[in-house]
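# Reading the structure
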Amino acid sequence: MIRPSTIHCLALNYSGVGPSDNEEPLYFIKGSEAYATSGVIISYPNNVSRFWTEVELGIVISEDCQNIAEDDAIKYVEGFVVCGDISCSNIYSRDHHLAFSKSRKSFCPTSKVSKNKFIETNNLNMITEINGKVTQKGSTSSMILNVSQSLSYISNITELKKSDIIITGTPKGWRNNFLKSGDKITHKIEKIGEVEFYIK
């Protein structure tokens, strides 16, 4: 089991998700307590109006690194994971990328690590299922910053630590992924794996 000290996150990193494909993605973090393994049961947050999940490709960092060039990025990849980026609405209608919304306990359920770091990641199918029904379907081919670019970009903002995870955004369709108590969620990424979790 990996134990990330920080989960580094990109938002608006897929074509058609943000206001413009020509703008840099948003960078935010989830704390270590947000990490969870497949099968976790997550409590529906109190006093929130919306609660949702997004399927995301995660990059596991192999060693401490900073200021990495795109061409060298693969050297610092341990492998890949499937992650659920779970969010709830924030207070006072503020930006939902704040910790109140993104960094709660178990708000990043994560699959086992696929350690083939040389797998081609530029065109992998991505699926979310809620109670067995497909609610989100896309492909990593829609990423604005690819795996190497994402790692390089974040490493030039902050130092990455061994076992940290970078989650790289979600394709269109996440608005179909609002959650309620009793739901079973499965996120799948072709050739990487899947993660399941439950809402109580």
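An account of the accompanying structure is given in this report. (Residues numbered from 1 in each chain as written. Predicted model: local features only at pLDDT ≥ 70, side-chain atom pairs only at ≥ 80, totals over all residues. Heavy atoms only, no water.)

### What to know about the side chain of T170
Which entries qualify depends on this criterion: To qualify as a helix, a DSSP run of H or I must reach at least 4 residues; to qualify as a strand, a run of E must reach at least 2; elements of each kind are numbered from the N terminus. Whenever a nitrogen or oxygen atom comes within 3.5 Å of another N or O atom, the pair is scored as a polar contact, on the condition that within protein one atom can donate a hydrogen and the other can accept it, and that pairs from neighbouring residues in sequence are kept only if both atoms are in side chains. We call two residues in contact when some of their heavy atoms are within 4.5 Å.
Here T170 lies in the loop between β10 (165-167) and β11 (184-189). Within the local environment of T170, its side chain forms a polar contact with the backbone oxygen of V55, the two atoms lying 2.8 Å apart. Once residues within four sequence positions are removed from consideration, T170 is found in contact with Y14, V17, E54, V55, E56 and Q136.

### Examining the pattern of salt bridges
To be explicit about the condition: Salt bridges are defined by distance alone: a side-chain nitrogen of Lys or Arg within 4 Å of a carboxyl oxygen of Asp or Glu. Burial classification: accessible surface area is computed with a 1.4 Å probe over protein chains only, and a residue below 20% of its type maximum counts as buried, one above 50% as exposed, and the rest as partly exposed.
In total, this model carries 10 salt bridges according to the counting rule given. Two residues, D85 and K30, come together in a salt bridge whose shortest N-O distance is 2.9 Å. Placement of D85 in strand β6 (residues 77-88) and of K30 in strand β2 (residues 26-31) is noted, with a sequence separation of 55 residues between them. For the pair D85 and K30, a shared accessibility class is recorded, and that class is buried.

### Remarks on the packing of aromatic side chains
For any pair of aromatic rings, the description consists of the separation of the ring centres together with the inter-plane angle of the planes. Basically, it comes down to this: Stacked, tilted and edge-to-face are the three classes assigned to paired rings of Phe, Tyr and Trp, where Trp is represented by its six-membered ring and a pair needs centres within 6.5 Å; plane angles under 30 degrees give stacked, over 60 edge-to-face, the rest tilted.
By the definition in use, this model includes 4 aromatic pairs. A centroid spacing of 4.8 Å and a plane angle of 70 degrees characterise the contact between Y44 and F51, whose relative ring orientation is edge-to-face. Centroid distance W52 to F178: 5.8 Å. Interplanar angle 65 degrees. Geometry classified as edge-to-face. Of this pair, W52 sits in strand β5 (residues 51-61) while F178 is found in the loop between β10 and β11, placing the two residues 126 residues apart along the sequence. Residue classification places W52 among the buried residues on the basis of a relative accessible area of 0%.

### Remarks on the sheet that holds strand β9 (residues 133-139)
Note: strands within a sheet are paired through backbone hydrogen bonds, in either parallel or antiparallel orientation. Note the cut-off: Here, strands pair whenever DSSP counts at least two bridges between them. Lines fitted to the C-alpha atoms define the axes, with helices restricted to the stretch that makes contact. Angles between their N-to-C directions range from 0 to 180 degrees.
Taken together, the 5 strands give an open sheet; going across it, the order is β4-β12-β11-β8-β9, and neighbouring strands pair in mixed fashion. Whereas interior strands pair on both sides, the edge strands pair on one side only; in this sheet they are β4 (40-42) and β9. For this sheet, the mean angle separating the axes of adjacent strands, direction not counted, is 20 degrees. Where strand β8 (residues 125-130) lies against β9, 6 bridges are found, and the strand directions are antiparallel. The partner of M126 across the bridge, within β9, is G138.

### Focus on the environment of Q66
Positionally, Q66 belongs in the loop between β5 and β6. Since its relative accessible area comes to 41%, Q66 is described here as partly exposed. Considered as a pair, Q66 and T158 are 92 residues apart in the sequence and their alpha carbons are 6.6 Å apart. Those residues in contact with Q66 that lie beyond four places of it in its chain are S155, T158 and E159.

### Examining the pairing of β11
By the bridge criterion, 5 bridges tie β8 to β11 in an arrangement that is antiparallel. The residue bridging M126 from the neighbouring strand is I189, located in β11. Connecting the antiparallel pair β11 and strand β12 (residues 193-199) is a turn made up of 3 residues, with K191 showing a positive phi of about 70 degrees.

### What to know about unusual backbone geometry
At N67, a position not held by glycine, the phi torsion is positive, near 55 degrees. Structurally, N67 is set in the loop between β5 and β6. Residue K191 is not a glycine yet carries a positive backbone phi of 70 degrees. Examined against the element boundaries, K191 turns out to sit in the loop between β11 and β12. Under the relative-accessibility criterion, K191 is labelled exposed at 60%.

### A closer look at a nonpolar patch on the surface
Basically, it comes down to this: Candidate patch residues must exceed 30% relative accessible area and have no salt bridge, after which like charges are joined if within 9 Å and Val, Leu, Ile, Met, Phe, Trp or Tyr side chains if within 5 Å. With residues, only the protein chains shown are counted as cover, and all accessible areas are computed by Shrake-Rupley using a 1.4 Å probe.
There is a patch of nonpolar side chains on the surface, built from I91, Y92 and F100 and spanning about 330 Å² of accessible area. Mapping F100 onto the fold places it in helix α1 (residues 99-102).

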